[in-house]
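Structural overview
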Amino acid sequence: MDIKPILSTLSRHRIAASLIVLEIALACAVLCNALFLAASRMELMRMDSGVDETAVASITLNDCDTCSAVDLNSRWLQQLRGQAGVQAAGVANAVPFGQRAGVAGITLDAEGKHHGGVPHFYTLDADAVATLQLKPVQGRMFDAADYQPITNYLPENAQVWITQAFAEHLWPGESALGKSFWMGSYHYTVAGVLAHFARPDPGRSENGIAGAQWSVIVPVTTNAQSGTYVLRANPGDLTRIVRDAIAAAPKVTPEAILSGDYSMPLLQLRDAYFRQDRAMTRLLLGVCVTMLLVTALGIIGLASFWVQQRTKQIGIRRALGATRRQIIGYFQTENFLLTSIGIVIGMLLAYSGNQLLMHYFEIPRLPLYYLPVGAVLLWLLGQAAVIGPALRAAAIPPIVATRSA
């Protein structure tokens, strides 16, 4: 179809054409970024925590300044291991999706010049490692000599495990085994690499979504810490066991307060942690649907208006031999041109908007494949939206159209 008549017509309706182009551009910009953010959140919510969440629970106490770690651990481990159905229990400082306990920046040199990132440091005793059933995919298991007491915050020199995600961040394309990193004067050597082990705050850490699995596992002795306990049981028994442990807390440690927010099966911790993300995802998808609906209504409204305005033109073309298919093709081509111009502008706006989000909210860079995805959606939407007005235009009899002018 010759597009010169279409361009000539659009030039006489510049304001209306410009408005629909801007509407499509805005829809494209919002759609690309909103779909990307929603997809990122959904990917995060599906992340592998590295633990069998159906069979593991956490019991967490609030700080107890007067409590002895030896006494507190003795009482709680005895309580948990004595409950029917408990298969294993150990002491940890945190669990995935639980309360954050040990975040610190590291360097790849003793002088502190080469920053490596900000991982979460898990401190686990041997029973906690067994309870969580952690096994490195590279390297070795911890031996008895690796479990050390804590000096202030962490052991000063220790063999540790890190996750594959963190290893790839620190040493891209290289084996992490035997490599060292530092936290101030504290020195750590990588003895093993875990496939996965999520941070307690995978989606709201200092490193953003990219650092969701930046975890370091440090082996410590049982009485080096207290207050957080992990236990393993059959999935069907886990809820009952946690409920009984919570009920027994006032008798086991009357001087300490049990944390109701973090004492639950890991599946429930995951559900509670991602509640905000689920709400945000629904909001973003709602924005996408709303923008598409508004854009479709705008295209329908403009096309219907132009059908009314061009009754004489349509009638003349029909009288000169134009078929219904040609009339429909005219409006579809016109809408395709407007949509294409809007999409080009929208892609620029989408990229610029993503740069602002990256700068102010630490959002990841928008992958380029989201731009053609948004473009295809809007092209399909535009062609679908204009088909109704185009069919009405094609149905106008030539005699009626010319007389009505």
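Just above sits the structure.
Moving on: empty space enclosed by the protein. Per the stated rule, a full pass over the model turns up two cavities of 30 Å³ or more. Every residue lining the largest cavity is listed: Ile20, Ile24, Ile299, Leu302, Ala303, Trp306, Phe331, Glu334, Asn335, Leu338 and Val386. Within the residue set of the lining of the largest cavity, elements represented by two or more residues are helix 2 (14-45), helix 8 (275-309) and helix 10 (324-361). Partitioned by chemical class, the residues of the lining of the largest cavity number nine nonpolar, one polar and one charged.

One finds Ile20, Ile327, Phe331, Leu338, Leu366 and Leu378 to be the most contacted residues of the largest nonpolar core, which totals 44 residues. Only helix 2, helix 8, helix 10 and helix 11 (370-394) provide two or more residues apiece to this core. By residue number, the principal contributor to this core is helix 2, which donates twelve residues. Membership of the second largest hydrophobic core comes to 29 residues, among which are Val56, Leu134, Phe197 and Val230.

Let us look at the state of the cysteines. Evaluated as defined, the whole model comprises zero disulfides. For Cys28, which is in no disulfide, the shortest distance to another cysteine sulfur is to Cys32 and amounts to 4.1 Å. The class of Cys32 is buried, set by a relative accessible area of 1%.

The next thing to look at is the pairing of strand 1 (residues 56-60). Counting buried positions along strand 1 yields five of five residues, so the element is predominantly enclosed. Of the two faces of strand 1, both are covered, the one formed by Val56, Ser58 and Thr60 as well as the one formed by Ala57 and Ile59. Looking at chain direction, strand 1 and strand 11 (residues 228-233) are connected through five bridges and run antiparallel. Looking at the pairing, Val56 lines up with Arg232 of strand 11. Pairing of strand 1 with strand 12 (residues 264-265), which is carried by two bridges, proceeds in the antiparallel orientation. From the neighbouring strand, Ser58 faces strand 12, where its bridge partner is Met264.

Inspection of the entire model under this criterion finds 15 salt bridges. In this structure, the salt-bridge partner of Asp201 is Arg100, at a minimum N-O distance of 3.3 Å. Within this pair, whereas Asp201 is found in the loop between strand 9 (186-194) and strand 10 (215-219), its partner Arg100 is found in the loop between strand 2 (86-92) and strand 3 (106-107), the two being separated by 101 residues in sequence. Note that Asp143 is salt-bridged to Arg140, the shortest N-O span being 3.8 Å. The exposure class assigned to Asp143 is partly exposed, which follows from its relative accessible area of 37%. Ionic contacts of the salt-bridge type, sharing partners, join the residues Asp71, Arg75 and Glu255 into one network.

Geometry of a packed helix pair, given as the angle between the helix axes and the separation of the axes. Running from N to C, helix 3 (residues 69-82) and helix 6 (residues 235-252) cross one another at 145 degrees; their axes reach a closest spacing of 11 Å. The crossing of helix 3 and helix 6 is right-handed. Judged by residue contacts, Arg75, Trp76, Gln79 and Leu80 of helix 3 engage Ala245, Ala248, Ala249 and Val252 from helix 6.

Here we take up the packing of aromatic side chains. Counting across every chain of the model gives 13 aromatic pairs. Seen from their ring centres, Trp76 and Tyr229 are 6.2 Å apart, and the 25 degrees between their planes marks the pair as stacked. Of this pair, Trp76 sits in helix 3 while Tyr229 sits in strand 11, and the two are 153 residues apart along the sequence. The exposure class assigned to Tyr229 is buried, which follows from its relative accessible area of 0%. Arranged with centres 5.9 Å apart and planes meeting at 75 degrees, the rings of Phe142 and Tyr147 form a pair that is edge-to-face. Here the two residues Phe142 and Tyr147 agree in accessibility, since each one is buried. The structure contains a cluster of three or more aromatic residues connected by ring pairs, namely Phe36, Tyr369 and Tyr370.

So, on to the side chain of Glu53. Here Glu53 lies in the loop between helix 2 and strand 1. Owing to a relative accessible area of 8%, Glu53 belongs among the buried residues under this scheme. A distance of 2.6 Å separates a polar atom in the side chain of Glu53 from a polar atom in the side chain of Ser49. Beyond its immediate chain neighbours, meaning those up to four positions away, Glu53 contacts Phe97, Leu238, Leu266, Leu267 and Arg270.

Conventions adopted
- Residues numbered from 1 in each chain as written.
- Predicted model: local features only at pLDDT ≥ 70, side-chain atom pairs only at ≥ 80, totals over all residues.
- Heavy atoms only, no water.
- 1 Å grid on protein atoms, 1.4 Å probe; cavity = no way out; pocket = protein on both sides within 12 Å on 5 of 7 lines; lining within 4 Å.
- Points joined across faces, edges and corners; volume = space filled by probe spheres on them.
- Helix = DSSP H or I, 4+ residues; strand = E, 2+ residues; numbered from the N terminus.
- Nonpolar A, V, L, I, M, F, W, Y, C, P; charged D, E, K, R; others polar.
- Core = buried A, V, L, I, M, F, W, Y, C linked by side-chain atoms within 4.5 Å.
- Buried < 20%, exposed > 50% of the residue type's maximum accessible area, 1.4 Å probe, protein only.
- Disulfide = S-S within 2.5 Å.
- Pairing = 2+ DSSP bridges.
- Salt bridge = Lys/Arg side-chain N within 4 Å of Asp/Glu carboxyl O.
- Axes fitted to C-alpha atoms, helices over the stretch in contact; angles between N-to-C directions.
- Left-handed = near helix turned anticlockwise from the far one by under 90°.
- Contact = heavy atoms within 4.5 Å.
- Phe/Tyr/Trp six-rings, centres within 6.5 Å; stacked < 30°, edge-to-face > 60°.
- Polar contact = N/O pair within 3.5 Å; in protein donor to acceptor, adjacent residues only side chain to side chain.

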